[in-house]
Amino acid sequence: MNNNLISVKGVSKVFKVGEENFTALRDINLEIDSGSFMSFVGPSGSGKTTILNLIGGLDVPTAGNIFFKSTKLSAMNRNQMAQYRRKNIGFIFQTYNLFPVYSVYENILFPLLLSGSKEKDARERVMNIINKVGLSDQVKKRPSQLSGGQCQRVAIARALVKDPLLILADEPTANLDSKNSLQILELMSELNQQYKAAVVFSTHDEKVTRYVRREVGLEDGKIISDK
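For clarity, every value in this text was computed on a predicted model and none was experimentally measured.

About the criteria used
- Residues numbered from 1 in each chain as written.
- Predicted model: local features only at pLDDT ≥ 70, side-chain atom pairs only at ≥ 80, totals over all residues.
- Heavy atoms only, no water.
- 1 Å grid on protein atoms, 1.4 Å probe; cavity = no way out; pocket = protein on both sides within 12 Å on 5 of 7 lines; lining within 4 Å.
- Points joined across faces, edges and corners; volume = space filled by probe spheres on them.
- Helix = DSSP H or I, 4+ residues; strand = E, 2+ residues; numbered from the N terminus.
- Nonpolar A, V, L, I, M, F, W, Y, C, P; charged D, E, K, R; others polar.
- Pairing = 2+ DSSP bridges.
- Contact = heavy atoms within 4.5 Å.
- Axes fitted to C-alpha atoms, helices over the stretch in contact; angles between N-to-C directions.

## Observations regarding the layout of surface pockets
(1) Moving on: Reported here for the largest pocket is a volume of approximately 410 Å³.
(2) Moving on: Surrounding the largest pocket, 17 residues form its lining, Ile 89, Phe 91, Pro 111, Leu 114 and Lys 162 being those nearest its centre.
(3) Moving on: When contributions to the lining of the largest pocket are tallied by element, the ones reaching two or more residues are α2 (78–88), β6 (89–92), α3 (104–114) and α5 (148–160).
(4) Moving on: Along the lines of polarity and charge, the residues of the lining of the largest pocket split into 10 nonpolar, 3 polar and 4 charged.
(5) Moving on: The space that makes up the second largest pocket amounts to roughly 220 Å³.
(6) Moving on: Along the wall of the second largest pocket there are 16 residues; nearest its centre are Asp 59, Val 60, Leu 73, Ser 74 and Met 81.
(7) Moving on: Secondary structure elements with two or more residues in the lining of the second largest pocket: β4 (63–68) and α2.
(8) Moving on: Partitioning the lining of the second largest pocket into residue classes produces 8 nonpolar, 5 polar and 3 charged.

## Examining the sheet that holds strand β1 (residues 4–17)
(1) Moving on: In space, the 4 strands of this open sheet follow the order β2-β1-β4-β5, with antiparallel pairing throughout. At either margin of the open sheet sits one strand with a lone partner, and together these are β2 (20–33) and β5 (71–72).
(2) Moving on: With 5 bridges joining them, β1 and β4 adopt antiparallel strand pairing. Counterpart to Val 8 in the pairing with β4 is Ile 66.
(3) Moving on: Across the face of the sheet, helix α1 (residues 48–55) comes into contact with β1, β2 and β4 while running at roughly 60° to β2.

Structural data, given as structure tokens:
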């Protein structure tokens, strides 16, 4: 049985910086299986965030192709790409990217409303994931009333609520202290087991490497290790 979720084949990404070209990724080839719990690691500028953005359909390669199962992302039109992100991908950002005027409940509900769900039909699912991330006593609060760790729990719940096949987490512990970082990593590991969504981090946080089952090292846009 083919367990492959994402295939990256010969992918390079070049950005125009002023008059110069900056090569962020160079001929990347890798496979990501369903249910993976893995990270891209490397120094700043190594290409970690770039590859997450390409896999998530937020950007397009300069060369090469990315496949979701057997579907080539570059063959999708704008509407199909938006549908791919809405249905299959959950994003977790370093800066949380929560709506400041929305409550915890509303922030987590939002992706389901985007997908066409009615609030009354989605309420139980939203409350279930809020309980899973330990925020049942914070549902009416806005992000400004929460700690950094609590905001990241909201972001995790928002990513998981639509039951995606893949979660892309860009430096999710970078703005957290050690205690909150470890709590978030424990939580994501548990939820990976429960929900079976593949989780892919980009990070330079050594704590993350203790939790993942696979670590892909990047340097100057190239894969230098895969263990």
